[in-house]
Every structure is written in structure tokens, then in C-alpha cells.
Amino acid sequence: MRKLASRLVKQRSFIPDVERNVKSVLKWLASLGLSKLQVQKVACRNPEILGHSLENLMQPVVQWLAKVGLGVDQIPKVIARFPALLGCSVEENLKPKALWLSKVGLSNDQ
């Protein structure tokens, strides 16, 4: 495994970009209000989010959560509990599910 990693580092110039993205995601999670322990748990439970785009995927999810009524103090709790949400497309996944839930009678309060 170490040989593979060192070979990739030698062959690929994108490694610094990956490292930079990981650091950006971790800082962003903390900026949402997640504690250091919560950030670590989120990263360990869903390591794929460390490679997701902040601008194109994760920030729109947080903006949508706020738009549907979650408060600034609630969003970090939701992310800590359901980190996989950060990998969902708002348009292709979250909005259709929210629409379906409202059609079957579930209100925002529930």
C-alpha cells in the first residue's frame, strides 16, 4: 500500500490539490459549528465527503437546509447526525424527497 501511495505521489501532481481540498472541507465543517470531535466523526463515517466539491455540492446542501427552515444551530446537528446528506444533490435527491414527503402529508414541523 505504501508503495502504491508513494508511486501516486511521484506520478501525480494532483495530490497537493487533494490535500488542499481535504483541509478546506475540514475547516468548512468546523465553520458550520461542528465541534472538533464531530468533524472527526463526520470525516471517519463518510470519508468520501472529503473529496466533494464545497461550492457545487456541500454548500448548496447547507443553503437548502437553511431555506427549508433549519436554524443555524440545527444545521451542524443534522450534518453531524447525517453526514451523507453532504453528498446528495439538492435538485436530484433532496428536493424530490422533500416534495414526496409533503405529498404524503408530512409537514415541516414533523
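All chains use their own residue numbering, which begins from 1 and follows the written sequence. For this predicted model, a pLDDT threshold of at least 70 governs which residues receive local features, and a threshold of 80 or more governs which side-chain atom pairs are given and counted, while totals over whole chains, interfaces and linings are taken from all residues. With hydrogens and water set aside, each side-chain value is computed from the structure's full complement of heavy atoms.

Glancing now at the pattern of salt bridges. Criterion for a salt bridge: a side-chain nitrogen of Lys or Arg within 4 Å of a carboxyl oxygen of Asp or Glu. All told, the structure shown has 2 salt bridges when counted by the stated rule. When the shortest N-O distance is used, the salt bridge between E19 and K23 registers 3.3 Å. One end of the pair, E19, and the other, K23, are both in helix α2 (residues 15-31), 4 residues apart, so they sit about a helical turn from each other. To sort residues, take the accessible area from a 1.4 Å probe on protein chains only and compare it with the maximum for the residue type: under 20% means buried, over 50% means exposed, and anything in between is partly exposed. A relative accessible area of 44% places E19 in the partly exposed class. Residue K95 is joined to E91 by a salt bridge in which the shortest nitrogen-to-oxygen separation is 2.8 Å. Placement of the pair is K95 and E91 together in helix α6 (residues 90-103), with a separation of 4 residues, close to one helical turn. Overall, E91 belongs to the exposed group, its relative accessible area being 53%. Numbering of helices and strands runs from the N terminus, with a helix taken as a DSSP run of H or I at least four residues long and a strand as a DSSP run of E at least two residues long.

Moving on, we come to helix α3 (residues 36-45). Counting along an α-helix, one turn takes 3.6 residues, and residues three or four places apart therefore face a common direction. Among all positions in α3, only V39, V42 and A43 are buried. Relative to the axis of α3, the buried residues are bounded by an arc of 95° and lie together on one face. Relative to its buried face, α3 has exposed residues pointing more than 90 degrees away, namely L37, C44 and R45. In this description, one arc is meant: the one made by directions from the helix axis to the C-beta atoms.

Attention shifts here to the packing of helix α4 (residues 54-67) against α6. Axis lines are fitted to C-alpha atoms, over the contacting stretch for helices. Their N-to-C directions set the angle, which ranges from 0 to 180 degrees. Following both chains from N to C, one finds α4 and α6 inclined at 20°, their axes separated by 11 Å at the closest point. On the basis of their axis angle, the class for α4 and α6 is roughly parallel. As for how α4 packs across α6, the hand of that crossing is right-handed. Across the interface between the two elements, P60, V61 and W64 of α4 pack against V90, L94, K95 and A98 of α6. Residues are grouped as follows: Ala, Val, Leu, Ile, Met, Phe, Trp, Tyr, Cys and Pro are nonpolar; Asp, Glu, Lys and Arg are charged; every other residue, Gly included, is polar. Residues that form the contact of α4 with α6 fall into these classes: 6 nonpolar, no polar and 1 charged. Roughly parallel refers to an angle under 35 degrees, roughly antiparallel to one over 145, roughly perpendicular to one between 65 and 115, and oblique to any angle outside these ranges. Definitions for this section: a left-handed crossing has its near helix turned counterclockwise from the far helix by less than a right angle. A right-handed crossing has that turn clockwise. Whether two residues are in contact is decided by their heavy atoms, any of which lying within 4.5 Å being enough.

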